[in-house]
Amino acid sequence: MPDVDGFDEFYRGSRQRLLGFVYALTGDLAEAQDAVQEAYVRAWQRWSTVGRYDDPEAWVRVVASRIAVSRWRSLRSRARAYLRHGATEAVPAPNTDTVEVVAALRRLPEEQRTALALYYLLGMPVAEVARETNAPVGTVKARLSRGRTALAGLLAVPDLEEAADA
């Protein structure tokens, strides 16, 4: 079992220095915090070994800087790929009908919403929806029926004559 008190003392004594160091490397506080946090997690997982080093802070500093550099290289590679392949095609905005249906679905209970999405959007048969949701087939059928009824009520278009009388 790791030396919890020893690690806590080490962490409290070194965290600000390491964060400052990695922040200076990255120029991005959030990236520095993520890299340092990951390095401390790795140190904790190996604390029985790392804690016996002459300078455990040096080990964490190297790990944190490698994590930061690795993330930087990944971002640079993605940027190069973007330049090489160009921007992706713009995805058209959803039409108003889609927005209304999604808004109405959000108002349904989760079980009905899930059943409707699996059945209608993914085209799953009722039996497969039942397996996916760990519910009996009859329950899925009831959820689909109740969901359709509720959705129809939420999406009901007001009668033009009623709107004119209002």
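Look up: the structure comes first, before these words.
Residues numbered from 1 in each chain as written. Predicted model: local features only at pLDDT ≥ 70, side-chain atom pairs only at ≥ 80, totals over all residues. Heavy atoms only, no water.

(A) Highlighting helix α2 (residues 29-45). With 17 residues, α2 extends 24 Å between its outermost C-alpha atoms, agreeing within 8% with the 24 Å of an ideal straight helix rising 1.5 Å per residue. All of the buried residues in α2 are Ala32, Ala35, Val36, Ala39, Tyr40 and Ala43. Projection of α2 onto a plane perpendicular to its axis shows the buried side chains occupying an angular sector of 135°, all on one side. Facing away from the buried surface of α2 by more than 90 degrees, the exposed residues are Gln37 and Gln45. At its buried positions, α2 is contacted by α1 (4-26), α3 (47-50) and α4 (56-85). Here α2 starts with a cap whose side-chain oxygen sits 3.0 Å from the backbone nitrogen of alanine 30, and that cap is aspartate 28. (Helix = DSSP H or I, 4+ residues; strand = E, 2+ residues; numbered from the N terminus. Expected span 1.5 Å × (residues − 1). Buried < 20%, exposed > 50% of the residue type's maximum accessible area, 1.4 Å probe, protein only. Arc of directions from axis to C-beta. Contact = heavy atoms within 4.5 Å. Polar contact = N/O pair within 3.5 Å; in protein donor to acceptor, adjacent residues only side chain to side chain.)

(B) Quick peek at the packing of helix α7 (residues 126-133) against helix α8 (residues 137-154). Axis separation between α7 and α8 bottoms out at 9 Å; the angle between their running directions is 105°. Classified by the angle between their axes, α7 and α8 sit roughly perpendicular to one another. Contacts between α7 and α8 involve Val126, Ala127, Val129, Ala130 and Thr133 on the former and, on the latter, Val137, Val140, Lys141, Arg143 and Leu144. In terms of residue class, the contact of α7 with α8 is made up of 7 nonpolar, 1 polar and 2 charged. (Axes fitted to C-alpha atoms, helices over the stretch in contact; angles between N-to-C directions. Parallel < 35°, antiparallel > 145°, perpendicular 65-115°, else oblique. Nonpolar A, V, L, I, M, F, W, Y, C, P; charged D, E, K, R; others polar.)

(C) How the structure looks around the nonpolar core. Judged by nonpolar contacts, the single largest core of 18 residues is most densely connected at Phe7, Phe10, Val22, Val36, Ala39, Tyr40 and Val60. Those elements that provide at least two residues to this core are α1, α2, α3 and α4. Considering each element in turn, this core owes the most residues, 6 residues, to α2. Not counting chain neighbours up to four residues away, the residues in contact with tyrosine 40 comprise Phe7, Phe10, Tyr11, Ser14, Arg15, Leu18 and Val60. Core analysis: the second largest hydrophobic core is formed by 14 residues, Ala115, Ala130, Val140 and Leu144 among them. (Core = buried A, V, L, I, M, F, W, Y, C linked by side-chain atoms within 4.5 Å.)

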